[in-house]
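Structural characterization, general
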Amino acid sequence: MYDGNPPEPPERPGGGAVVGLGQRELRELPIAAAGLGLQPGRHTLRGAETNVYAEAAVQSFRTTVLGRGVLVRVRPVEHRFDYGDGASLVSAAPGGPVPQERWGERTATSHRYTATGEYLVGLVTVFAGEFSVDGGPWQPIPGTAEVPSPPRPVSVWRSEVRLYAQDCNTDPHGQGC
């Protein structure tokens, strides 16, 4: 946008005011926060990979600047995962859900908790923007907008596996039956 210095907006070649958007305007857009996915869900196991991922999309906004129609487009360019236990990851890749039979496998954005407890998983998605005036060429908007997602709780449990030699058919009251 024109900042008012000098008092009149500059003219572009061919007439008309120069329209531009800056980082302030980018950050004021109502950009929707990315969804924050957790697999296997609200509960996970200590030592197992917990798949954490962002669900962010390209978003578009229409506005008018100096009487001109402006289309603004933002796209996610970086994802900042905070696993809640002091570990974090910054990634251009958002990760993604995996089929249930693959839960517990390592992914590009998964995390392995080393201690049981209750944690809040956080995500900040960084969006870059560009704009087009009256259907003209796309122009980059300087800077980025950081959009936090609501944190999600995760409860990390421990599991114990015990092997028993009893046959539960022979002794239905035996240990492990």
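Since the model is a prediction, treat every value here as computed from it, not as a measurement. (Residues numbered from 1 in each chain as written. Predicted model: local features only at pLDDT ≥ 70, side-chain atom pairs only at ≥ 80, totals over all residues. Heavy atoms only, no water.)

1. Quick notes on the packing of aromatic side chains
One pair of aromatic rings is described through two measures. These are the centre distance and the angle between the planes. Note the threshold: Only rings of Phe, Tyr and Trp enter the pairing, Trp through its six-membered ring, and a pair is recorded when the two centres are within 6.5 Å. The plane angle decides the type: under 30 degrees is stacked, over 60 is edge-to-face, the rest tilted. Each residue is placed in one exposure class: buried if its accessible area under a 1.4 Å probe, protein chains only, is under 20% of its type's maximum, exposed if it is over 50%, and partly exposed if it falls in between. We call a charge positioned over a ring when the NZ of a Lys or the CZ of an Arg lies within 6 Å of the ring centre and within 35 degrees of the ring normal.
Following the criterion strictly, the structure yields 2 aromatic pairs and no others. Relative to tyrosine 83, the ring of phenylalanine 81 has its centre 6.4 Å away and its plane inclined at 5°; by these criteria the two rings are stacked. With relative accessibility at 1%, the residue phenylalanine 81 sits in the buried group. Ring centres of tyrosine 113 and tyrosine 119 lie 5.1 Å apart, and the angle between their planes is 25°; this geometry places the pair in the stacked category. For tyrosine 119, a relative accessible area of 15% puts it in the buried group. For arginine 73, the ring lying beneath its charged end belongs to tryptophan 138, and the centroid distance is 3.7 Å.

2. Let's talk about the pattern of salt bridges
Definition in use: Think of a salt bridge as a Lys or Arg side-chain nitrogen and an Asp or Glu carboxyl oxygen that are within 4 Å of each other. The way it works is that DSSP assigns letters per residue, a run of H or I at least four long becomes a helix, a run of E at least two long becomes a strand, and they are numbered from the N terminus.
Within this structure, the stated rule accounts for 10 salt bridges. The partner of glutamate 146 in a salt bridge is arginine 80, and the shortest N-O contact between them spans 3.0 Å. Of this pair, glutamate 146 sits in strand 9 (residues 139–157) while arginine 80 sits in strand 5 (residues 68–82), placing them 66 residues apart in sequence. Overall, glutamate 146 belongs to the partly exposed group, its relative accessible area being 46%.

3. A closer look at the confidence of the model for the protein
Segments scoring low in pLDDT should not have their predicted coordinates read at a detailed level. Under the convention used in this document: Values of pLDDT, ranging from 0 to 100, describe the predictor's confidence in every residue of the model. Here a residue-residue contact requires only that any non-hydrogen atoms of the pair lie within 4.5 Å.
Here the protein shows a mean pLDDT of 88. Residues at 70 or above account for 85%. Low pLDDT (under 50) marks residues 9–15, which in the prediction has 12 contacts with non-local residues, meaning those over four places away or in another chain.

4. Points about unusual backbone geometry
Note: most peptide bonds trans; most residues except glycine with negative phi. Of the consecutive residues glutamine 39 and proline 40, the connecting peptide bond is found in the cis state with omega at 25°. The phi dihedral of leucine 66 is positive, around 50°, even though this residue is not glycine. Examined against the element boundaries, leucine 66 turns out to sit in the loop between strand 4 (59–65) and strand 5. Phi angles above zero are rare outside glycine, and aspartate 134 is one such case at about 50°. Its location among the elements puts aspartate 134 in the loop between strand 8 (117–133) and strand 9.

5. Some points on the side chain of threonine 44
What counts is decided by this rule: Between N or O atoms, a polar contact is any pair within 3.5 Å; within protein, one atom must be a potential hydrogen donor and the other a potential acceptor, and residues adjacent in sequence are included only when both atoms are from side chains.
With respect to the helices, strands and loops of the structure, threonine 44 is situated in strand 2 (residues 43–45). Polar side-chain contacts of threonine 44 include one of 2.7 Å to the side chain of threonine 50. Beyond its immediate sequence surroundings of up to four residues, threonine 44 is in contact with Thr50, Tyr113, Val154, Ser155, Val156 and Trp157.

6. What to know about the sheet that holds strand 7 (residues 111–112)
Using the following cut-off: Only strands that DSSP links by at least two bridges are regarded as paired with each other.
Spatial ordering of the open sheet is given by 1-3-7, a layout of 3 strands whose pairing is antiparallel. The open sheet has two edge strands with one neighbour each: strand 1 (35–39) and strand 7. Here strand 1 runs beside strand 3 (residues 49–55); their pairing, made up of 5 bridges, is antiparallel. Across the sheet, leucine 38 pairs through a bridge with valine 52, a residue of strand 3.

7. Considerations on the side chain of histidine 111
By secondary structure assignment, the location of histidine 111 is in strand 7. Since its relative accessible area comes to 11%, histidine 111 is described here as buried. At 2.8 Å, the side chain of histidine 111 forms a polar contact with the side chain of aspartate 85.

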